[in-house]
Amino acid sequence: MTIQECYQIIGSDFVQIKKRFPTVGMIRRFLAKFLEDGTFSELCSTMEAGNRKDAFCYAHTLKGVCANLGLGSLQASVSKLTEVLRTETDWIPANAEQLLEEVKADYALTVRTIRQYLDSVE
């Protein structure tokens, strides 16, 4: 798999990503670091615990990481979740659970695709 194919599968335009990073090697290193990042699991844990404030922080962080790396589909779904969690309530809004399921699906696709890409270049 090429890096262009990887980005196409995860819903991004590689040409735009290439403008942000000087080399493909740098992009590859940051994608590998993304696989090690614990923000997604923390988001899931805080959502399960019903902690809206911390869940918002983790969703917002994940949204930023996705924006920087150009992880298009995941960025879109986590952006929706971030906005729902932005409310000033003590509880997690009812529709946040469904949005989290979308984030989980996009995260799984993103991770699987990045792993396939990284495995193909080793």
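The text that follows walks through the structure, step by step, so that each part is easy to find. In every chain, residue numbers begin from 1 and rise along the written sequence. This being a predicted model, a pLDDT of at least 70 is required before a residue's local features are given, and a value of 80 or more before pairs of side-chain atoms are given or counted; all residues contribute to the totals for chains, interfaces and linings. To get the side-chain values, take all heavy atoms of the structure and skip hydrogens and water.

**A few points about the packing of aromatic side chains**
Then comes step 1: Ring pairs are drawn from Phe, Tyr and Trp, using the six-membered ring of Trp, whenever the two centres fall within 6.5 Å, and their geometry is named by plane angle: stacked under 30 degrees, edge-to-face over 60, tilted for the rest. Evaluated as defined, the whole model comprises 4 aromatic pairs.
Then comes step 2: Ring geometry for F21 versus F30: centroids 5.6 Å apart, planes at 45°, classification tilted.
Then comes step 3: Think of it in three bands: residues with accessible area under 20% of the maximum for their type are buried, residues over 50% are exposed, and the middle band is partly exposed, with areas taken using a 1.4 Å probe on protein chains only. By relative accessible area, F21 is classed as buried at 11%.
Then comes step 4: Judged by centre distance (5.9 Å) and plane angle (55°), the rings of F34 and Y107 are tilted. Taken together, the positions of F34 in helix 3 (residues 24-36) and Y107 in helix 7 (residues 96-121) put the pair 73 residues apart, joining distant regions of the chain. Comparing F34 with Y107 shows no difference in burial state: the two are buried. The numbering of helices and of strands both runs from the N terminus, where a helix is a DSSP run of H or I of at least 4 residues and a strand a run of E of at least 2.

**Here's the deal with helix 4 (residues 39-49)**
Then comes step 1: Within the span of helix 4, buried status applies to T39, F40, L43, C44, T46 and M47.
Then comes step 2: Trailing helix 4 by a residue or two, G50 shows a phi angle of about 80°, which is positive.

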